[in-house]
Amino acid sequence: MDALYVLYNDVINSLSNFLYTYILIILLVAGGIYFTVRTRFVQFRYLLESIRVVMQPSPDQANVSAFQTLMVSTASRVGTGNIAGISTAICIGGMGAVFWMWVTALLGSATAFIEGTLAQIYKKRAPDGSCYGGPAYYIEQTLKKRWLGVLFAVVMILTYMVGFNLVASFNIADSFKAFSFYDPSLTPIIVGVAVAALFLLCISGGGKQIAKITSIMVPAMGVLYLIVTVYVVVTHITLVPAVFAGIFRNAFDVQAIFGGFVGSAVMQGIKRGLFSNEAGVGSAPNAAASANVSHPVKQGLVQMLSVFLDTLLICSATAFMLLCSGVEPAVELQGAPYVQSALAASFGTLGPVFITVAMVLFAFTTLIGNLYYVDNALAYLLGHVPSKRFMVVFRLIAMGLIFLGAGLTLDLVWNLSDVLMGVMVMINIPVIFILSRPALAALKDYAAQRKMGRNPVFKAASIDLKEKTDYWN
């Protein structure tokens, strides 16, 4: 069994390295540049507008508000990747990895705008008056390829219920290694059981309950974490100029990059940046489609803002906290241990305790946000909302995977997640490239109405949309 496990781990690792070396970096960067140019740098021009939009209430209580969709998508984006993922990227790829995470976010936010807008344009109407949708739906409706929509939905379920849940559970268990009571044969089991049980308790209320829970937990969690990271940076403010210099110097260390690309700042920055902000993955559009807004572009802007919050704010806060702490990164410290060591240097024994609590909260909201996407993919595959009996069985399986993840190894859980997420990107980016015209036309329509001082209201006929939609007619 050990030999089989090692072989499986090696295969997943090799596949991950191949995808991110030869395929995904080209797709993500090229896609981000293309959408940035075609939208005329929407992520910069409309940043303030996105903040205004997200504060608007939903006119229909039967649907989820723009703010709640921001929290659901941010709940999935903001997770253990913002703590352990950043630590891993810096420990393996060096300080320069932070720069490439920024690049991934700045370019990816334009991609997130396009996929969020498309999800709104092609969203579906549910019998109870609510709305839903996502990549699987706009793939089938526009390309007329049900099989491709099914493939995307299946991969999304595997990514979020298997890959990302394993990572979240593992990182929670890994954070307990800093304590003297940690027993490698017992602690992961206890953590796995506790997290799985709490997960089941929290998700019993369904999709709208998930939106309510995340709308409370995400802001509280994010603010508290940012306060601690800012404190560490401010108390080491004299190191900030050197950290900035180190990030840019190491980001363009050509010899290091091409000498060992697998462990380079470029690959690690893009890998961990994508894992964290999920721009172009096709997950957040599932949340975007559930919002009740007057114009699809509003949800595109909300998803764009979520990428900024995740990477440029929370990931950067983690990176500067680590690099200003005085603790040198090392491969053996990758993951939670480096973060705990950094905070221990500033807060003593309280530091590792805080990070453990933060990891639990970050991971828990990730688990909840992930389920929102999985439920949507299941509904697409089955053609209807799954029965309660089906969902009970399905969520028991999810609980089992969460329990399993607590006892796995770091390389396996990260690489498996990277591979599954990479497959989603390889489906979604080419699709939104083909379908980008309606989203770009909607942006022009939105800009024209805002210029006239109106609250933009969308009509499909205003952009000569060919496909019939459940809304906007």
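What you are looking at is a predicted structure, and each value in this text was computed from that prediction instead of being measured. (Residues numbered from 1 in each chain as written. Predicted model: local features only at pLDDT ≥ 70, side-chain atom pairs only at ≥ 80, totals over all residues. Heavy atoms only, no water.)

Caption draft 1: Geometry of the overall build of the chain. For the chain, the count of helices and strands is 21 helices and two strands. Among the 473 residues that make up the chain, the fraction classed as buried is 61%. About 18,400 Å² of surface is accessible on the chain, with carbon and sulfur atoms providing 70% of the total. (Helix = DSSP H or I, 4+ residues; strand = E, 2+ residues; numbered from the N terminus. Buried < 20%, exposed > 50% of the residue type's maximum accessible area, 1.4 Å probe, protein only. Areas by Shrake-Rupley, 256 points an atom, 1.4 Å probe, with all protein chains shown as cover.)

Caption draft 2: Up close: the nonpolar core. Tyr 138, Tyr 225 and Leu 301 are the most contacted members of the largest nonpolar core, which totals 149 residues. It is helix H18 (residues 350-382) that contributes the most residues to this core, 17 residues altogether. Other than its neighbours up to four places away in sequence, Tyr 225 contacts Asn 82, Ile 83, Ile 314, Thr 318, Met 321, Phe 354, Ile 355, Ala 358 and Phe 362. (Core = buried A, V, L, I, M, F, W, Y, C linked by side-chain atoms within 4.5 Å. Contact = heavy atoms within 4.5 Å.)

Caption draft 3: The packing of aromatic side chains, seen in detail. Overall, the coordinates contain 21 aromatic pairs when judged by the stated rule. With a centroid separation of 5.4 Å and an interplanar angle of 85°, the aromatic rings of Tyr 160 and Tyr 373 are classed as edge-to-face. Residue Tyr 160 is located in helix H9 (residues 146-175), and its partner Tyr 373 is located in helix H18; the two are separated by 213 residues in the primary sequence. Residue Tyr 160 is classed as buried on the basis of its relative accessible area, which comes to 0%. A centroid spacing of 6.2 Å and a plane angle of 55° characterise the contact between Phe 176 and Phe 179, whose relative ring orientation is tilted. For Phe 179, a relative accessible area of 19% gives the class buried. Counting every residue linked through ring pairs, the aromatic cluster contains Phe 99, Trp 100, Trp 102, Phe 244, Phe 248 and Phe 320. Between the NZ or CZ atom of Lys 123 and the centre of the ring of Tyr 471, over which it lies, the distance is 4.6 Å. (Phe/Tyr/Trp six-rings, centres within 6.5 Å; stacked < 30°, edge-to-face > 60°. Lys NZ or Arg CZ within 6 Å of the ring centre and 35° of its normal.)

Caption draft 4: Focus on the pattern of salt bridges. This model, assessed by the stated rule, comprises six salt bridges. With its nearest N and O atoms 3.3 Å apart, the salt bridge here joins Arg 146 to Glu 140. With a relative accessible area of 29%, Glu 140 lands in the partly exposed category. One salt bridge in this structure joins Asp 174 and Lys 177, with 3.2 Å as the shortest N-O distance. (Salt bridge = Lys/Arg side-chain N within 4 Å of Asp/Glu carboxyl O.)

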